[in-house]
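Listed below, chain by chain, are the residues.
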Amino acid sequence: MNILRKFKHKTSALMVAILMLLGTKSYAQTTAGSGISQETMLYITFGLVFLVSLLVLLVAIYVLQLLKGFIRKEMTEEQLARQEAEPGWFAKLWAKWNDFRPMEEEEELLLDHDYDGIKELDNHLPPWWKGLFYVTVVYAVVYLLIFHVFKTAPLQEEQYEREIAAAEALKANAEADLVVDFDENTVTATTDATELADGQKFFEAQCAVCHKADGGGLAGPNLTDEYWRNGGGISNIYKVIKNGVPNTAMISWESQLNPIRMRNVASYVMTLQGTNPPGALPPDGELYEPENE
Ligand code: HEC
């Protein structure tokens, strides 16, 4: 029993250590922002949980083998002989999972109809088949909850759209040789509805994680009020998007967005001014007063 307890201690200590590791990992993810995508993190987490479960299982089997050894030592010759004669656990399991009424009983199982000479037996389905069926029922419920009720994971369609959007952003960037007649000092906000919609789409896809879809702020500051850490107005906003803010989660987006896209997003951020969304973060930074922009 002592050994068993020791093992329990060891595995639980291991579990705690791994959980702590996982915790710091996901924390680092939310603060450091970019790098590994959330999806990859999810797969890594599942992978680790799977590995840990496997490890625990192996340890459990090992402990069981040890116990078996101890018990065998205590057994008398007679008991041992009796045990040997019994079918092994695997044979028993096999019989149990394949249990159905044998051929000899067919007479009783025969249904009394006859389809042009084809007769039907009323045997039950083998337990392994029924087991699989129950597993699919449970799986369906879990699937429904994850994908349709709580929507914790994206459906294929959404995943597809995300990937297409990312590919399009890359493509747009590849075409970034486009000649623009502005830089961060001379940029002006666009009022074109299509361009603003483009900015909004990108904002909601890439910026909302930290600034919230309505701009009210989460890990990143509120973008809807007149207080700015890095200055308000199209020029400063464009600069922050282009260069990022060093040593914060706000990265430089220059490699992912061409200047037109950056201007579209910056212009969209400008339109959030004064929208006062519910649950917005309190003012942060300094009051910015536009000088005839
Ligand atoms: C990983 C989180 C994260 C993402 C994603 C993110 N930001 Fe930020 N953003 C921040 C943080 C944190 C700050 C505050 C930086 C500082 O301390 O000055 C910030 C600051 C800003 C500011 C300046 C706010 C101010 O008060 O000066 C703007 C504008 C901004 N972000 C726009 C965007 C846009 C547009 C996107 C999408 C292209 C984006 N952010 C994506 C975290 C993020």
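Residues numbered from 1 in each chain as written. Predicted model: local features only at pLDDT ≥ 70, side-chain atom pairs only at ≥ 80, totals over all residues. Heavy atoms only, no water.

The name given to the chain in an unreviewed UniProt entry is Cytochrome c domain-containing protein, with Roseivirga spongicola as the source organism.

Q: Can you explain the overall build of the chain? Please cite residues and give values.
A: Each helix and strand counted, the chain has 10 helices and four strands in total. The long-range fraction of contacts in the chain, counting pairs at least 24 apart against all pairs at least 6 apart in sequence, stands at 64%. Total accessible area computed for the chain in this model is approximately 21,700 Å², and 62% of it derives from carbon and sulfur atoms. (Helix = DSSP H or I, 4+ residues; strand = E, 2+ residues; numbered from the N terminus. Contact = heavy atoms within 4.5 Å. Areas by Shrake-Rupley, 256 points an atom, 1.4 Å probe, with all protein chains shown as cover.)

Q: Give a detailed account of the coordination of the iron atom of the ligand, specifying residues and quantitative values.
A: Distances from the iron atom of the ligand to its protein donors, His211 (NE2) and Met250 (SD), fall within 2.0 to 2.2 Å. Classification of His211 as buried rests on a relative accessible area of 9%. The class for Met250 is partly exposed, based on a relative accessible area of 22%. (Donors = N, O, S within 2.8 Å, 3.2 Å for Na, K, Ca; no water. Buried < 20%, exposed > 50% of the residue type's maximum accessible area, 1.4 Å probe, protein only.)

Q: Describe unusual backbone geometry, naming the residues involved and giving the relevant values.
A: Unlike most non-glycine residues, Asn247 shows phi in positive territory, near 60°. Within the secondary structure, Asn247 sits in the loop between α9 (233-243) and α10 (259-271). Positive phi, normally seen in glycine, also occurs at Asn276, with a value near 50°. For Asn276, a relative accessible area of 67% puts it in the exposed group.

Q: Describe the side chain of Asp225, and please don't skip the residues or the numbers.
A: Considering the arrangement of structural elements, one finds Asp225 in the loop between α8 (193-211) and β3 (227-228). Buried and without a salt bridge, Asp225 has Arg229 as its closest oppositely charged side chain, separated by 10 Å. Those residues within four positions of Asp225 in sequence are excluded, and the remaining contacts are Gln273, Pro282, Pro283 and Asp284. (Lys, Arg positive; Asp, Glu negative; His and termini not counted. Salt bridge = Lys/Arg side-chain N within 4 Å of Asp/Glu carboxyl O.)

Q: Could you give an account of the pairing of strand β1 (residues 110-115), with specific residues and numbers?
A: Pairing analysis gives three bridges linking β1 to strand β2 (residues 118-121), with the strands arranged antiparallel. If you follow Leu110 over to β2, its bridge partner there is Leu121. Once β1 ends, the chain turns through two residues before running back antiparallel as β2, passing Asp116 with a positive phi of about 50°. (Pairing = 2+ DSSP bridges.)

Q: Describe in detail the site of the ligand, supporting the description with residues and values.
A: Near the ligand lie 22 residues; those nearest to it are Cys207, Cys210, His211, Asn230 and Met250. Taking Arg229, its main chain carries an N or O atom lying 2.8 Å from an oxygen atom of the ligand. Here an oxygen atom of the ligand and a backbone polar atom of Asn230 are 2.8 Å apart. Counted by class, the shell around the ligand contains 15 nonpolar, six polar and one charged residues. (Near = heavy atom within 4 Å. Polar contact = N/O pair within 3.5 Å; in protein donor to acceptor, adjacent residues only side chain to side chain. Nonpolar A, V, L, I, M, F, W, Y, C, P; charged D, E, K, R; others polar.)

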